[in-house]
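An overview of the molecular structure
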Amino acid sequence: MHASTPNIVFHAEGVTKTYQMGEVQVHALRGVDLELYESEFVVLLGASGSGKSTLLNILGGLDIPTSGTVGYKDHDLTVYKDSVLTRYRREHVGFVFQFYNLIPSLTARENVALVTEISTNPLVPEEALELVGLGERLDHFPAQMSGGEQQRVAIARAIAKRPDVLLCDEPTGALDLKTGIVVLEAIERVNRELGTTTVVITHNVDIAQMADRVIRLRDGRIISDEANPDRKAPSELSW
Amino acid sequence: MNALNRKLWRDLVNLRGQAFAIAAVMASGFACYIMFLSTLDSLQLSRELYYRDYRFAEIFAPLKRAPESVRQRIADIKGVEKVDTRIVAPVTIDIEGFPDPVTGVVTSIPDSGDPLLNRIYLRSGRLVEVGRSDEVVISEPFAEAHGFQPGDKLHIIIRGKRKQLRIVGIGGSPEYIHQLRPGAVFPDHERFGILWMARTPLSHAYDLEGAFNSVALTLSRGANAQDVIDRLDMILKPYGTTGAFVRDDQASHKFLSQELQQLDNMSGLFPIIFLGVAAFLLNVVVTRLVGTQREQIASLKAFGYDNLAIAIHYLKMIMLIVFAGILMGIAVGAWLGVELSEIYVELFRLPFLNFVMQPSRVIQAASFTLVAGLLGTLAAVRMAVKLKPAESMRPEAPAEYRQTFIEALGLKRLLSAPARMILRHISHKPFKSALSVLGIAFACAILMTGRFQEDTITFMMDVHYGLSERDDISLAFSEPTSYKALAELRSLPGVEYGEAVRAVPARLVYQHRSYRAYISGYEPNAEIKRLVNTDLKPVSLPRSGIVLNEYLAKEILGIRPGDLLTVEVLEGSQPVRQIPVVSLVRQDLGVGAYMDIGALNRLMQEGNAISGAYLYIDDSRKNEIFERLKERPRIVGTAVREQDIRNFHRTMDETMLFWTFVATLFAGVIAVGIVYNSARITLTERSHELASLRVLGFTRGEISYILLGELAVLTLLAIPLGLLLGNVLCGYIAASLDNELYRVPLILAPHTYAFATTVILVSATISGLLVRRRLDHLDLIEVLKTKE
């Protein structure tokens, strides 16, 4: 944890989320209390269905809780007002998804440009791609890149707007070890060099070793919240 | 170009097949609109120009005989601009090597050639020259029908005298654009001709030296037509006028106006249907297309793109497609417009065509199209952006499939797993399925409109000629004559039976409405000419009172059986009488008023006169009869029924053929467009599922069955609905086509249903095959790599 900067950026209290999947009611979150600090690297650990993606979506302004309070700095994230949440995402949040969600009809550079074009103080797309080690693949379409490369484009796209928080949903979930590590290095580098508060959700326990703090979820509740004083570099990880 | 626009462009390239199909559907609607309206505008403009440049008169008055000195009195009427007095003479025409009876009308032109009003448009040759008494100018359709060229000769029989004439020119005049033998329903240019001769020789031949029997005039600006008519009638009354009338009652103009009005009705109808259906389909297709981009929309939203930006993005995409459709539509519409205009110019016998495509029409249609596209896109985008991004990125909940109705009935055992998939998928999204079904059904309905007119016309002809007008030959006398004439005709060798008719021109007045028509007097229990009631059963004429056809009574005069009709006879002593309307009869072609011939003659106070006859003849002695008839000077009009029917078919065939072609083309495009798009979108939506099945070991054929089977079911559901819709649509069209010339009953022959069904099935099959090709190239690995 960066003890010198204990500013709280996210504050969540009593967050629950229930949604309807077909005919089934899913209780994704059953009362979550949470604080996240500026510049810290947090890993949310949990099995599939533990509620971690739901929590991330709520933090990112993609969804709102059924009950409880969530705030980012002075933004209230519990009211679904599309224009407000859209602005919040545009100005503060960078997303990385498990399945990259690149626009298939745009090249790497253009996928990044898609975001930089609507940001006020972005990196230039080339710079962002350089940061994730893809300076050479600027004009490739998603279909012409490997999964790891696509995910790194997604990271470049997420950080190019210099977000205040970077939210990554299983960023290595679809990747093998080696490419996974390259992707994690890219995320770590962004956290380190730009000081972006970073939240990575994963079910992979090993990735937790590179975090400042590890939060475990099960059945929609936080079951542990531990600082990790011995933060490892991604290259030291294996799974 | 920014990244979003690049995405737009590349998406369009990727979707080119679907985009083209959508554009083609729009283009069909658009082209239909442009075709009809540019044809209408062009014909109206061409007619206006013709009327203006060739000085079509505004008021006409026929009379028996007036000295030329009366002309000045007419010219002095307040409001009259130019006056032309002429001689108009009915003649029999004798053409070498053509045995059939040919009649015609000779109109005088000044000895020096060019008349003041109703000028002659010369196609070839020249007008008559001073001092040449045997020169004649003939109408173009008549010349064409017989292959006449300037220099050729023909004979006319006028007032019983035979006269040889030399053709010097071929042309037409605005007065005789539509050339119809009096009493005929359809033009027959082979057996009826319009001729123009110099005044002096015609006056000698017709015994009207120094006199005239017809007046044409134009009005000065702001003149009151009715005042002029009243004055004119007063002046001409001693000279046997049957009453002056305005252009609207002039035969050629009236017919042409009715036809244009008809075209106008069609133009208001078909294009709206086409454009409406196209817009509906656009809406459906766009909604589904944008639906397939749900995840991309979610991503864009996650990055912070707002709804407006996303909506604009998709709007641009659809607008590009719509614009492509509009451009295609303009091109196709202009092409078909020229074709259709030319058919009509030929049909209406306008001498020239000024084709116009008015920008305002294009703008109208384009706005309509754009708005349709706009609404479709907005609805689709709204649906897509309404979802919270997290929701749309979350895998869609397993769809709530249920056992279908058919399975619930216990037929489950009969259905294979793929068949169940098909049924459940259709019933899973009933609204979406219903829209596809409706779209295909519309295409089917449009196809029927292309064919139903033919069925209807065949039916009308069967009724008209099979039940009502059953004569082989009909004859008209130059003036009322005695029953002896009929007896003479009956005694001609080859004539099997004959009936008399008395036709009297009259103004029929009821309350504030009036109509000029002929009252036909038929013999009691007539065999040849019969009237039929609404059930198509022959009815006999009452001994007294008058019988009207339904359209004349209900639509024109607003009179009911039992009411008193005021009849102002325009011939002879011109009596005015109140006559009760006894009953109404069905008559699909033309309008008519009928009386017992005895009652009519009593009304006329003329004794037993007849003005025409209907004959049954022995067909093998036809030419012999024709020869004999030519010798009879008082016979001025002869019609051969068989020929009437043939003429009619010739007239209709071309327009019908064209319309069937256009409707089939457009409906085919619409059918392919909707089926292809449905298939492509279903493919996108279900490629994962289908690829999974392939991985599990299903063959290409088996997965094609699942996808195409769904389309087949939708198509099969659509056809009966389409046939039903088509029935309604045709009924609506039929009702809106009614006018004085004809009433269109709704008749749909089995082959029309078969035709529509076949085209839809073929279109669906073609679309299926196109999609099937894509199914063969399904990339299993790629599909499975993406998230479930």
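Residues numbered from 1 in each chain as written. Chains lettered and ligands numbered in written order. Predicted model: local features only at pLDDT ≥ 70, side-chain atom pairs only at ≥ 80, totals over all residues. Heavy atoms only, no water.

**Structural notes on the overall build of chain A**
Where we set the bar: Secondary structure elements are defined from DSSP: runs of H or I of at least 4 residues count as helices, runs of E of at least 2 residues count as strands, and each element is numbered from the N terminus. For the radius of gyration, the atom set is restricted to C-alpha positions; the globular benchmark scales as 2.2 Å times the number of residues to the power 0.38. Buried, partly exposed and exposed residues are distinguished by accessible area as a fraction of the type maximum, computed with a 1.4 Å probe on protein chains only: under 20%, between the cut-offs, and over 50%, respectively. Should any heavy atoms of two residues lie within 4.5 Å, those residues are counted as being in contact. Using a 1.4 Å probe, accessible areas were evaluated by the Shrake-Rupley method; residue-level cover was limited to the displayed protein chains.
The helix and strand inventory of chain A stands at six helices and 10 strands. Taking 18 Å as the expected radius of gyration for a compact globule of 239 residues, we find that chain A reaches 17 Å, a close match to that expectation. Along the first, second and third principal axes, the C-alpha set of chain A runs to 45 × 40 × 40 Å. The 239 residues of chain A split such that 57% are buried. In chain A, 70% of the contacts between residues at least 6 apart in sequence involve partners at least 24 apart. Taken as a whole, chain A presents about 9600 Å² of accessible surface, with 48% of it coming from carbon and sulfur.

**Things to note about the packing of helix H9 (residues 307-348) of chain B against helix H10 (residues 359-386) of chain B**
Residue and element names in this part refer to chain B. Definition in use: Axis lines are fitted to C-alpha atoms, over the contacting stretch for helices. Their N-to-C directions set the angle, which ranges from 0 to 180 degrees. By definition, any crossing whose near helix is turned counterclockwise from its far helix by less than a right angle is left-handed, and any crossing with a clockwise turn is right-handed.
At a minimum axis separation of 9 Å, H9 and H10 run at an interaxial angle of 150°. Note on packing geometry: the crossing formed by H9 with H10 is right-handed. Between H9, through Asn307, Ile310, Ala311, Tyr314, Leu315, Ile318, Met319, Val322, Phe323, Ile326 and Ile330, and H10, the contact on the second element is made entirely by Val362, Ala366, Thr369, Leu370, Gly373, Leu374, Thr377, Leu378, Val381 and Val385.

**Some points on the sheet that holds strand S4 (residues 67-72) of chain A**
Strands belonging to one sheet form pairs held by backbone hydrogen bonds; the direction of such a pair is parallel or antiparallel. All names here are of chain A. Note the following rule: Paired strands, as defined in this entry, are two strands with at least two bridges between them according to DSSP.
If you walk across this open sheet you meet the four strands as S2-S1-S4-S5, and the pairing is antiparallel. Both edges of this open sheet fall to strand S2 (24-37) and strand S5 (75-76), since each of them pairs with a single strand only. Across the sheet, helix H1 (residues 52-59) is in contact with strand S1 (8-21), S2 and S4; its angle to S2 comes to roughly 60°.

**Focus on the environment of Leu375(B)**
Residues and elements named next belong to chain B. Assignment of secondary structure puts Leu375 in helix H10. Since its relative accessible area comes to 52%, Leu375 is described here as exposed. Separated by 242 residues in sequence, Leu375 and Ser133 place their C-alpha atoms 72 Å apart.

**Re the sheet that holds strand S7 (residues 165-169) of chain A**
Residue and element names in this part refer to chain A. Taking strand neighbours across the sheet as the criterion, the six strands line up as S6-S7-S8-S3-S9-S10 in an open arrangement whose pairing is mixed. Each of the sheet's edge strands pairs with one partner strand only, and the pair in question is strand S6 (93-96) and strand S10 (221-227). Strand-to-strand twist in this sheet, taken as the mean axis angle between neighbours without regard to direction, amounts to 15°. Pairing analysis gives four bridges linking S6 to S7, with the strands arranged parallel. Bridging across to S7, Phe95 finds its partner in Leu167.

**Digging into the interface of chain B and chain A**
To keep things clear, this is the line we draw: Defined in terms of a 1.4 Å probe, buried area is the accessible area two parts forfeit on being brought together, summed over both. A carboxyl oxygen of Asp or Glu within 4 Å of a side-chain nitrogen of Lys or Arg is what we treat as a salt bridge. Whenever a nitrogen or oxygen atom comes within 3.5 Å of another N or O atom, the pair is scored as a polar contact, on the condition that within protein one atom can donate a hydrogen and the other can accept it, and that pairs from neighbouring residues in sequence are kept only if both atoms are in side chains.
Listed by partner, the interface residues are 32 residues for chain B and 31 residues for chain A. At the boundary of chain B with chain A, total buried surface from both sides reaches about 2800 Å², with 59% on carbon and sulfur atoms. Inspection of the region where chain B meets chain A yields two salt bridges. Note that Glu110(A) is salt-bridged to Arg6(B), the shortest N-O span being 3.2 Å. There are seven residue pairs in polar contact (both at pLDDT 80 or more) connecting chain B and chain A. Those elements giving two or more residues to the side of chain B that touches chain A turn out to be helix H1 (3-14), helix H8 (294-303) and helix H11 (389-393) of chain B.

**Notes on the pairing of strand S4 (residues 98-109) of chain B**
Residue and element names in this part refer to chain B. Counting buried residues in S4 gives 11 out of 12 residues, a clear majority hidden from the surface. Judged from the seven bridges that link them, strand S3 (residues 88-95) and S4 form a sheet pairing that is antiparallel. Pairing of Ile93 across the sheet is with Val102, part of S4. In textbook terms, the turn of a hairpin is the stretch between consecutive antiparallel strands, and for S3 and S4 this stretch comprises two residues, one of which, Gly97, has a positive phi near 80°. As judged from the seven bridges shared by S4 and strand S9 (residues 192-198), these two strands associate in the parallel manner. Bridging across to S9, Val105 finds its partner in Ile194.

**Regarding helix H21 (residues 750-776) of chain B**
Quick reminder of the rule: Working rule for helices: expected span equals 1.5 Å times residues minus one.
With 27 residues, H21(B) ought to run about 39 Å at 1.5 Å a step, and its terminal C-alpha atoms sit 39 Å apart, in line with that. Buried within H21(B) are the following residues: Thr752(B), Phe755(B), Ala756(B), Thr757(B), Val759(B), Ile760(B), Ser763(B), Ala764(B), Ser767(B), Gly768(B), Val771(B) and Leu775(B).

**Remarks on the side chain of Asp94(B)**
Position of Asp94(B) relative to the elements: it lies in strand S3. Beyond its immediate sequence surroundings of up to four residues, Asp94(B) is in contact with Leu154(B), His155(B), Ile157(B), Arg162(B) and Lys630(B).

**Details of unusual backbone geometry**
Phi at Lys73(A) is positive, roughly 45°, even though this residue is not glycine. Along the chain, Lys73(A) turns up in the loop between S4 and S5. Judged by relative accessible area, which is 47%, Lys73(A) ranks as partly exposed. Of note, Asn525(B) is a non-glycine position whose phi angle comes to about 50°, a positive value. Turning to its location among the elements, Asn525(B) is positioned in the loop between strand S14 (513-522) and strand S15 (531-532). Owing to a relative accessible area of 63%, Asn525(B) belongs among the exposed residues under this scheme.

**Comments concerning the domain arrangement of chain B**
A common measure of how large an interface is: the accessible area buried when the components associate. Inclusion rule: Those domain boundaries reflect an automatic or database domain assignment.
One can read the domain layout of chain B as domain 1 (57-254), domain 2 (429-467 + 649-788) and domain 3 (468-647). Measuring from the centre of the C-alpha atoms in domain 1 of chain B to the corresponding centre in domain 2 of chain B gives 53 Å.

**As for the nonpolar core**
Definition in use: Among the buried residues, those of types Ala, Val, Leu, Ile, Met, Phe, Trp, Tyr and Cys that are joined through side-chain atoms within 4.5 Å form a nonpolar core.
Residues Phe10(A), Leu36(A), Leu114(A) and Phe36(B) are the most contacted members of the largest nonpolar core, which totals 149 residues. Ranked by the residues each element gives to this core, the list is headed by helix H2 (residues 16-53) of chain B, at 17 residues. When we break this core down by domain, the ones giving at least three residues each are domain 1 (57-254) and domain 2 (429-467 + 649-788) of chain B. Apart from the residues lying within four places of it in its own chain, the contact partners of Phe36(B) are Leu263(B), Met266(B), Ser267(B), Phe270(B), Pro271(B), Leu340(B) and Trp659(B). Of all hydrophobic cores here, the second largest spans 38 residues; its members include Val112(A), Ala128(A), Leu131(A) and Ile155(A).

**Section: the packing of aromatic side chains**
Selection criterion: Planes of paired rings set the category: under 30 degrees apart is stacked, over 60 is edge-to-face and the rest tilted, where pairs are Phe, Tyr or Trp rings (Trp by its six-membered ring) whose centres lie within 6.5 Å. Placement of a charge over a ring requires the Lys NZ or Arg CZ to be within 6 Å of the ring centre, with the centre-to-atom vector within 35 degrees of the ring normal.
In this structure the tally under the stated criterion is 16 aromatic pairs over all chains. Look at Tyr72(A) and Tyr88(A): their rings are 5.4 Å apart centre to centre, the planes differ by 55°, and that puts the pair in the tilted class. Note that Tyr72(A) is positioned in strand S4 and Tyr88(A) in helix H2 (residues 82-92), a separation of 16 residues in sequence. Relative accessible area serves as the criterion here: at 1%, Tyr88(A) is assigned to the buried category. Here the guanidinium or amino end of Arg159(B) rests over the ring plane of Tyr206(B), the centre of that ring lying 4.0 Å away.

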